[in-house]
Amino acid sequence: MCYDSLDEVRTALDEIDDQMLDLLNRRLAEGQSFHIGVPVTTARAAIGAILNSSALFEQCIPE
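Rules of the game
Residues numbered from 1 in each chain as written. Predicted model: local features only at pLDDT ≥ 70, side-chain atom pairs only at ≥ 80, totals over all residues. Heavy atoms only, no water. Salt bridge = Lys/Arg side-chain N within 4 Å of Asp/Glu carboxyl O. Helix = DSSP H or I, 4+ residues; strand = E, 2+ residues; numbered from the N terminus. Buried < 20%, exposed > 50% of the residue type's maximum accessible area, 1.4 Å probe, protein only.

(A) Quick peek at the pattern of salt bridges. Counted under the stated rule, the structure contains one salt bridge. Here D7 makes a salt bridge to R10, at a shortest N to O gap of 3.9 Å. With a gap of three residues between them, D7 and R10 both fall in helix 1 (residues 6–33), about one helical turn apart. Residue classification places R10 among the partly exposed residues on the basis of a relative accessible area of 47%.

(B) Fine view of the environment of M20. As for its position among the elements, M20 is in helix 1. Judged by relative accessible area, which is 29%, M20 ranks as partly exposed. Separated by 31 residues in sequence, M20 and L51 place their C-alpha atoms 9.1 Å apart.

As structure tokens, this is what we get:
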């Protein structure tokens with residue numbers, strides 16, 4: 001998907017981050033229902049690493 005501005009990219013990434021956090025919270029809640037989980041500090045570190053990571057992405061090429 002191509003964007004017209006950096007703000008549009010940031011908004012899209014923020015929406016994805018929110019969805020990821022929701023899913024991670026659900027996963028953590030499911031694990032806790034069986035007393036299977038990870039320490040909070042480990043979970044926070046993992047979430048932080050995901051959100052702070054950067055990856056190369058393909059250049060948008062008009063079709």
